[in-house]
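Structural overview for review
Residue strings, one per chain:
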Amino acid sequence: IDLIAVLGSEIAFLTNCMVKFENVTSNPDSHSFVSNLRFNTSIEMSPCVYLLGSSYIDVFNNNAYSTGANSNPTFLVGSSYCNVHDNIYETTFTGYMNMSWKRAGILLGESHYNNIYSNHVTVKDSNPIYLTTYGYEKSNYNVIFNNTVTTSAFSEETGLRNPSAWAYGVHIMGDYNQILNN
C-alpha cells in the first residue's frame, strides 16, 4: 500500500472510537499515518490507535484521554518500523474496574524497530510506555527517547505525586531496546 492517511481537523473529536490498521504494510518511503485526532474513550479493550501486524505507520499530533481498561491511546502488536511521536496521552481509571495497571499510555507487544519519541504521557498508576510480554513475545530493537512521562496519582497523606510500585516510567520487556533521555 502506498499511503493511507487518517487526518483530523482542528475540530475532529472521536468518542469511544478506534483507528485500526490491520496487516497494513505501507511504502517505507511514504508511511501511512494517523494525525490530528482527539480521542476520548471509556470502553474496555478498545485502544484509540491500534496497529496490528502493520509496518511503516506514523502516529503523531494526537490527543487521547482514556478511562477504559486496556484502552491504550496507542497499542502496537506485531508491528514494525512505526513512529509514534508528538502525542499527548492521559489514562486514568473510574468506576468499578479499578485495575489501574491496565491503562498504559503506549503499549507494545511483539513489535520491533519502532521509534517512540517526544510524547507526553500521563497515567494515574500504570506504565506510561510499556513493552509487555504479558500475553505477547518480547519487543526488540525499539528506540524510545525524549518522552515526558508523569503520574496523576497523589498521596492522600502528603499531597505529593505517589504512584504505586507497579508504575515504571518506561517499562521494557525485550532485548536491544534503546531508552534515552525520558
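Anything mentioned here points back to the structure above.
The following paragraphs examine the structure supplied in this document. Here the structure is a predicted model, which means the values were calculated and not measured.

Moving on, we get to the sheet that holds strand β16 (residues 143–145). Strand order in the open sheet formed by seven strands is β1-β4-β7-β10-β13-β16-β19, with parallel pairing between adjacent strands. The open sheet has two edge strands, β1 (5–7) and β19 (178–180), and neither has a second partner. Taken over all neighbouring pairs, the strand axes of this sheet differ in orientation by 10 degrees on average, direction set aside. Bridge analysis of strand β4 (residues 32–35) against strand β7 (residues 57–60) gives four bridges, and the strand direction is parallel. Counterpart to Ser32 in the pairing with β7 is Ile57.

We now examine the sheet that holds strand β5 (residues 38–41). Here six strands make up an open sheet; going across it, the order is β2-β5-β8-β11-β14-β17 and the pairing parallel. Two strands close off the open sheet at either side, each with one partner strand: β2 (13–15) and β17 (148–151). Across the sheet, the mean angle from the axis of one strand to that of its neighbour is 10 degrees, orientation sign disregarded. Relative to strand β8 (residues 63–66), β5 runs parallel, the two being bridged by four bridges. Among the inter-strand pairings, Thr41 is bridged to a residue of β8, identified as Ser66.

Within a pair of aromatic rings, the relevant descriptors are the distance that separates the centres and the angle that separates the planes. Counted according to the given criterion, the structure contains eight aromatic pairs. For the pair Tyr50 and Phe75, a centre-to-centre distance of 5.3 Å together with 10 degrees between the ring planes defines the contact as stacked. Of this pair, Tyr50 sits in strand β6 (residues 49–52) while Phe75 sits in strand β9 (residues 74–77); the two residues are 25 residues apart in sequence, bridging distant segments of the chain. There is no split in this pair, since Tyr50 and Phe75 are both buried. Here Tyr113 and Tyr141 contribute two aromatic rings whose centre-to-centre distance is 5.0 Å and whose plane-to-plane angle is 5 degrees, an arrangement assigned as stacked. In this pair, Tyr113 is assigned in the loop between β12 (106–109) and β13 (115–117) and Tyr141 in the loop between β15 (129–131) and β16, connecting sequence segments 28 residues apart. Residue Tyr113 is classed as partly exposed on the basis of its relative accessible area, which comes to 38%. Relative accessible area serves as the criterion here: at 37%, Tyr141 is assigned to the partly exposed category.

Criteria and thresholds
Residues numbered from 1 in each chain as written. Predicted model: local features only at pLDDT ≥ 70, side-chain atom pairs only at ≥ 80, totals over all residues. Heavy atoms only, no water. Pairing = 2+ DSSP bridges. Helix = DSSP H or I, 4+ residues; strand = E, 2+ residues; numbered from the N terminus. Axes fitted to C-alpha atoms, helices over the stretch in contact; angles between N-to-C directions. Phe/Tyr/Trp six-rings, centres within 6.5 Å; stacked < 30°, edge-to-face > 60°. Buried < 20%, exposed > 50% of the residue type's maximum accessible area, 1.4 Å probe, protein only.

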